[in-house]
Amino acid sequence: MTSQQPRLRIDRRSPARWSVTFSNPPVNLIDAAMVGELQALLAEAEADERLAVIVFDSADPDFFLAHWDIAADPALTDALPPGPTGMHPWLDVLVRLSRLPQVTVSAIRGRARGAGSEFALATDLRFASRERAVLGQFELGAGAVAGGGPASRLPRLVGRGRALEILVSADDYDADLAERYGYVNRSVPDADFVAFVDRFADRVAGFDVRALREVKAFVNAVSLPPDQEFPPQMAAFWTSVARPETQQRAAQLFGLGLQQRGEAEFRLGSYLERLAPDGTAEAGQP
Amino acid sequence: MTSQQPRLRIDRRSPARWSVTFSNPPVNLIDAAMVGELQALLAEAEADERLAVIVFDSADPDFFLAHWDIAADPALTDALPPGPTGMHPWLDVLVRLSRLPQVTVSAIRGRARGAGSEFALATDLRFASRERAVLGQFELGAGAVAGGGPASRLPRLVGRGRALEILVSADDYDADLAERYGYVNRSVPDADFVAFVDRFADRVAGFDVRALREVKAFVNAVSLPPDQEFPPQMAAFWTSVARPETQQRAAQLFGLGLQQRGEAEFRLGSYLERLAPDGTAEAGQP
Amino acid sequence: MTSQQPRLRIDRRSPARWSVTFSNPPVNLIDAAMVGELQALLAEAEADERLAVIVFDSADPDFFLAHWDIAADPALTDALPPGPTGMHPWLDVLVRLSRLPQVTVSAIRGRARGAGSEFALATDLRFASRERAVLGQFELGAGAVAGGGPASRLPRLVGRGRALEILVSADDYDADLAERYGYVNRSVPDADFVAFVDRFADRVAGFDVRALREVKAFVNAVSLPPDQEFPPQMAAFWTSVARPETQQRAAQLFGLGLQQRGEAEFRLGSYLERLAPDGTAEAGQP
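Residues numbered from 1 in each chain as written. Chains lettered and ligands numbered in written order. Predicted model: local features only at pLDDT ≥ 70, side-chain atom pairs only at ≥ 80, totals over all residues.

**Remarks on the overall build of chain A**
Part 1 of the reasoning: The number of helices and strands found in chain A is twelve helices and ten strands.
Part 2 of the reasoning: For 286 residues, the compact-globule estimate of 2.2 N^0.38 gives 19 Å, and chain A sits close to it at 18 Å.
Part 3 of the reasoning: Reported as C-alpha extents along the three principal axes, the dimensions of chain A are approximately 60 × 40 × 40 Å.
Part 4 of the reasoning: Put simply, chain A has 286 residues, and 59% of those count as buried.
Part 5 of the reasoning: Within chain A, contacts between residues at least 6 apart in sequence are counted, and of these 74% link residues at least 24 apart. (Helix = DSSP H or I, 4+ residues; strand = E, 2+ residues; numbered from the N terminus. Rg over C-alpha atoms; globule rule 2.2 N^0.38 Å. Buried ≥ 20, exposed ≤ 12 C-beta atoms within 10 Å, placed from the backbone. Contact = placed C-beta atoms within 7 Å.)

Quick look at the structure:
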């Protein structure tokens, strides 16, 4: 099992504003331990009546959240206590995150791919460092259907055409392109990024928390996907990852350096082209 | 009560094209008199079978519509004759505006905040002067829930993430940023602005008015929020403005120059940061 | 009747990737012959379990698909065998195209107006050559309601405001503006265009076709207009084209060079302003 180091550093800066920093070296993978900590955080936030805004950022400027830890035993996630939604723990986290009474912000520096992108899409707002942020849903490149709901959230956010492109290209989208597509709210120069996010969060934290919650509830009512859309996508994920070809592709990706701090994780979008259709990796540089 | 000067200058340029110019010095506030004139205008347009396009602009290049006149007695609005929708007169105006058989255009030079932004969102198209236009929903900064439906219209127009940002930041969005977000159709250089809007309106006014109405009806059927979404937001507005803290914030804003022609109205987005969370204004310049 | 030259060149590059090239000189009009060939192509693709991606492009770098051949006898289209949807053959093509298990791409160089734009909107992705692509729904400029569903697809893709602008302006939208509006996924420099589209298609063709289909099915479920929205729009098209004023406008457009390779087709957006409201053409250059 993974170490017992906490995955989240929670800084309760004020009663109205929390900052949550992901830290899971070497590349900020999402694993069962992180999901468990997120469930605890959500339970606390759901019960807090003074909290207005939560900012999620990363201790690693190259990785917001790399993706799901696919080397870990799925039983670890299955062993987590069921959340109040009754869904798979990861869906439980994402659905409850979207429905939090607080406003949530993903402050994205570095890569947010796969489940990392799904997390960002489940928060309310996404700000991206112009020079550092990279978003993508790489799952199809490995043979898998994304399981955390981007097929529900992306079309509503960026329209059908761009949603399909993001999902089927399995490619990397930098901050400026992500802004043009509406995948993130805004691309902000990295030199200004922390100050920009801080100003936004401090500003919102100073407003009336009751009115803030009412505003978010009205927006939720017209913009959140119905819960029932999510479980079939997670089921398709499990079916797709069980296929021998997907297992083979994943094995090849590990051979190329997946989940290590190196080129495969830095440039995963282009590394996917090194996999032959039968799951064998090609030689040479991509 | 406010003066009896008409708030709308209506120029029936041709049977197919009207221009309606807001004029309510010093900052083009929306008040009961303006709402009453808008209701009369709507009744006339609803019955007109030759009219194709209505352009709304402003006599003041710094203010399209500043916001609702919150110093006025709400009884003045309540005393207006009920409109055909049976909703609050302001909602009656906005809902009927969206459903007009004509195409409506907001030609935005200057500020369009709060109810001014709500008006622009209820028209069909929004063109913005690059150098002069500023849009925003500042209500939350004063402790209030926006009442005229932006929580219904913005998510459908700009997506959930940017809609929540606009509503909870309560900040100013200039024309270029508003274009990137989809808050306006297009940002147009101010030097070209009047000619651009005129060309658009004259062009549309030259087309077959029957086909034009059919096109708009088809788009309405798939893009307008259901009427029932609006009244709960207006109710939340009244609840939120009745809170002592909101009254205190409004009083502080009036102390800083709200509803006068000056810095507070020019830069309202940044002036909101001068309010302490308990509603007291800080000293010094923002 | 038109010649029996095939309208589609189908290049089955690999079991996973087809390229379909429109060729119907002089300006790539859509006619009954093309609709019939598209129906046959769709039937073949619907039954193919290995095919992942279909790219549609044009043999003419100035015209992707000019628009519907309005000089042709409508009886030719009516005489086509009814498709499985039971809708008008053109709607049958568009609805089935959107629902194909494969990912479809419009690689747009040159003009895509009217039904040509409707075709592009019914494919999943739209890439546009920055220097060459022009999109538009010019129908209203001739007095007609667009019949192939852009009033259903555009609001969901670009939002209500920009959808209404595109439909009622009847104007030309170049690639960069179309990208800013979300009308196309992306504007790509023409020098890079073919390589860009090829890389995308080859990449997607290398992924697991089962997972790809599942992803598209999930996106379809939340982003396609309901079928019943389309037939009333086609009915409105036929009603509008039967009006004497529309017939008069069309006659004037033919007098100006419609459906010939020349200025009227190159700059149709501005040529529409040469039509007087009563359908008579003005003298001189637009």
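**What to know about the sheet that holds strand 5 (residues 103–108) of chain C**
Residue and element names in this part refer to chain C.
Part 1 of the reasoning: The strand order across the open sheet built from six strands is 1-2-3-5-7-10, with neighbouring strands paired in mixed fashion. Either end of the sheet is taken by a strand with one partner, and the two such strands are strand 1 (8–14) and strand 10 (186–188). Each strand axis lies, on average, 20° off the axis of its neighbour in the sheet, ignoring direction.
Part 2 of the reasoning: For strand 3 (residues 53–58) and strand 5, the ladder comprises four bridges, and the chain directions are parallel. Across the sheet, the residue bridging to Phe56 is Ser106, located in strand 5. (Pairing = 2+ DSSP bridges. Axes fitted to C-alpha atoms, helices over the stretch in contact; angles between N-to-C directions.)

**Things to note about the relation of the copies chain A and chain C**
Part 1 of the reasoning: Structural alignment of chain A on chain C gives an RMSD of 0.0 Å, achieved by rotating through 120° and translating 0.0 Å along the axis. Such a combination of turn and shift is consistent with a three-fold rotation axis. Relative to the rotation axis, the C-alpha of Arg180 of chain A is the closest in chain A, positioned 4.2 Å from it. (Least-squares fit on C-alpha atoms with pLDDT ≥ 70 in both.)

**Overview of the interface of chain A and chain C**
Part 1 of the reasoning: Listed as interface residues are 28 residues of chain A and, on the opposing side, 23 residues of chain C.
Part 2 of the reasoning: Taken together, the elements giving at least two residues each to the side of chain A that touches chain C come down to helix 5 (150–169), helix 9 (230–241) and helix 10 (244–256) of chain A.
Part 3 of the reasoning: Counted by class, the side of chain A that touches chain C contains 13 nonpolar, nine polar and six charged residues. (Nonpolar A, V, L, I, M, F, W, Y, C, P; charged D, E, K, R; others polar.)

**Quick look at the pairing of strand 7 (residues 125–129) of chain C**
All names here are of chain C.
Part 1 of the reasoning: Among the five residues that make up strand 7, five are buried, leaving the element largely enclosed by the rest of the structure.
Part 2 of the reasoning: With burial as the criterion, each face of strand 7 is covered, one bearing Leu125, Phe127 and Ser129 and the other bearing Arg126 and Ala128.
Part 3 of the reasoning: Bridging between strand 5 and strand 7 involves four bridges; their strand directions are parallel. Bridging from a neighbouring strand, Val105 pairs with Leu125 of strand 7.

**What to know about the sheet that holds strand 9 (residues 173–174) of chain C**
Strand-to-strand pairing in sheets goes through backbone hydrogen bonds, with the strands running parallel or antiparallel.
All names here are of chain C.
Part 1 of the reasoning: Here we have four strands laid out as an open sheet, ordered 4-6-8-9, and mixed in their pairing. Edge strands, defined here as strands with exactly one partner in the open sheet, are strand 4 (63–65) and strand 9.
Part 2 of the reasoning: Across two bridges, the pairing between strand 4 and strand 6 (residues 111–113) is parallel. Bridging across to strand 6, Phe63 finds its partner in Arg111.
Part 3 of the reasoning: Sheet strands touched by helix 4 (residues 115–122): strand 4, strand 6 and strand 8 (134–136). Its angle to strand 6, the strand with the most contacts, is close to 95°.

**Let's talk about the interface of chain B and chain C**
Part 1 of the reasoning: Across the boundary between the two partners, chain B contributes 24 residues, which contact 29 residues of chain C.
Part 2 of the reasoning: In terms of residue count, helix 9 (residues 209–223) of chain B provides more of the side of chain B that touches chain C than any other element does, nine residues in total.
Part 3 of the reasoning: Residue composition of the side of chain B that touches chain C, grouped by class: twelve nonpolar, four polar and eight charged.

**A word on helix 1 (residues 32–46) of chain B**
Given 3.6 residues per turn, any residue in an α-helix points the same way as the ones three and four places further on.
Part 1 of the reasoning: In this model, helix 1 of chain B (15 residues) spans 21 Å end to end at C-alpha, consistent with the 21 Å of a helix rising 1.5 Å per residue.
Part 2 of the reasoning: Listing the buried residues of helix 1 of chain B in full gives Ala32, Ala33, Met34, Val35, Leu38, Leu41 and Leu42 of chain B. (Expected span 1.5 Å × (residues − 1).)

**Things to note about the domain arrangement of chain A**
Part 1 of the reasoning: For chain A, the assigned domains read domain 1 (8–209 + 222–228) and domain 2 (232–274).
Part 2 of the reasoning: Of the residues assigned to the side of domain 1 of chain A that touches domain 2 of chain A, the class counts are 14 nonpolar, six polar and three charged. (Domains from an automatic or database assignment.)

**Some details on the nonpolar core**
Part 1 of the reasoning: Counting 288 residues, the largest nonpolar core has Leu167 of chain A, Leu167 of chain B together with Leu167 of chain C as its most contacted members.
Part 2 of the reasoning: Leave out the neighbours within four places in its chain, and Leu167 of chain C touches Val215 and Val219 of chain B together with Gln137, Leu140, Ala146, Pro150, Ala151 and Leu154 of chain C. (Core = buried A, V, L, I, M, F, W, Y, C linked by C-beta atoms within 7 Å.)

**Quick word on unusual backbone geometry**
All names here are of chain A.
Part 1 of the reasoning: Backbone torsion omega between Pro25 and Pro26 reads 10°, so that peptide bond is classified as cis.
Part 2 of the reasoning: By the element assignment, Pro26 lies in the loop between strand 2 (17–22) and helix 1 (32–46).
Part 3 of the reasoning: Even without a glycine there, the phi angle at Asn28 is positive, about 55°.

**A short note on the environment of Gln102 of chain A**
All names here are of chain A.
Part 1 of the reasoning: Here Gln102 is to be found in the loop between helix 3 (89–99) and strand 5 (103–108).
Part 2 of the reasoning: For Gln102, a count of 24 C-beta atoms within 10 Å corresponds to the buried category.
Part 3 of the reasoning: Along the backbone, Gln102 and Ile54 are 48 residues apart, and their C-alpha atoms lie at a distance of 6.9 Å.
Part 4 of the reasoning: Leave out the neighbours within four places in its chain, and Gln102 touches Ala45, Leu51, Ala52, Val53 and Ile54.

**Let's talk about the environment of Ser240 of chain C**
Part 1 of the reasoning: For Ser240 of chain C, the location among the structural elements is in helix 9 (residues 230–241).
Part 2 of the reasoning: Taking the C-alpha atoms as reference, Ser240 of chain C lies 6.7 Å from Gly143 of chain C; in sequence the two are 97 residues apart.

**Digging into the environment of Gln248 of chain B**
All names here are of chain B.
Part 1 of the reasoning: Positionally, Gln248 belongs in helix 11 (residues 244–256).
Part 2 of the reasoning: Classification of Gln248 by C-beta neighbours within 10 Å gives partly exposed; the count is 18.
Part 3 of the reasoning: Sequence spacing of Gln248 and Leu275 is 27 residues, and the spatial spacing of their C-alpha atoms is 9.8 Å.

**Let's talk about the pairing of strand 3 (residues 53–58) of chain A**
Residue and element names in this part refer to chain A.
Part 1 of the reasoning: Most of strand 3 is tucked away: six of the six residues are buried.
Part 2 of the reasoning: Side chains Val53, Val55 and Asp57 project from strand 3 onto one buried face, and the interleaved Ile54, Phe56 and Ser58 project onto a second face that is buried too.
Part 3 of the reasoning: Both strand 2 and strand 3 contribute to a ladder of six bridges, which runs parallel. Residue pairing across strands places Trp18 opposite Ile54, the latter belonging to strand 3.
Part 4 of the reasoning: For the crossover from strand 2 across helix 1 to strand 3, the handedness is right-handed. (Right-handed = clockwise from strand over helix to strand, strands pointing away.)

**Digging into the confidence of the model for chain A**
Part 1 of the reasoning: When pLDDT is averaged along chain A, the result is 95; 95% of the residues meet or exceed 70.
Part 2 of the reasoning: Per the prediction output, this complex has pTM 0.96; the corresponding ipTM is 0.96. (pLDDT = per-residue confidence, 0-100.)

**Considering helix 5 (residues 150–158) of chain B**
Residues and elements named next belong to chain B.
Part 1 of the reasoning: The buried count for helix 5 comes to nine of nine residues, which makes it a mostly enclosed element.
Part 2 of the reasoning: Within helix 5 the residues assigned to the buried category are Pro150, Ala151, Ser152, Arg153, Leu154, Pro155, Arg156, Leu157 and Val158.
Part 3 of the reasoning: Immediately downstream of helix 5, the backbone of Gly159 shows phi near 90°, a positive value.

**Some thoughts on the packing of helix 3 (residues 89–99) of chain C against helix 4 of chain C**
All names here are of chain C.
Part 1 of the reasoning: Look at helix 3 against helix 4: their axes get within 8 Å of each other, and the N-to-C directions meet at 25°. One way to sum up the angle between helix 3 and helix 4 is to call them roughly parallel. From helix 3, Trp90, Leu94, Leu97 and Ser98 reach across to helix 4, where they touch Ala115, Glu118, Phe119 and Ala122. (Parallel < 35°, antiparallel > 145°, perpendicular 65-115°, else oblique.)

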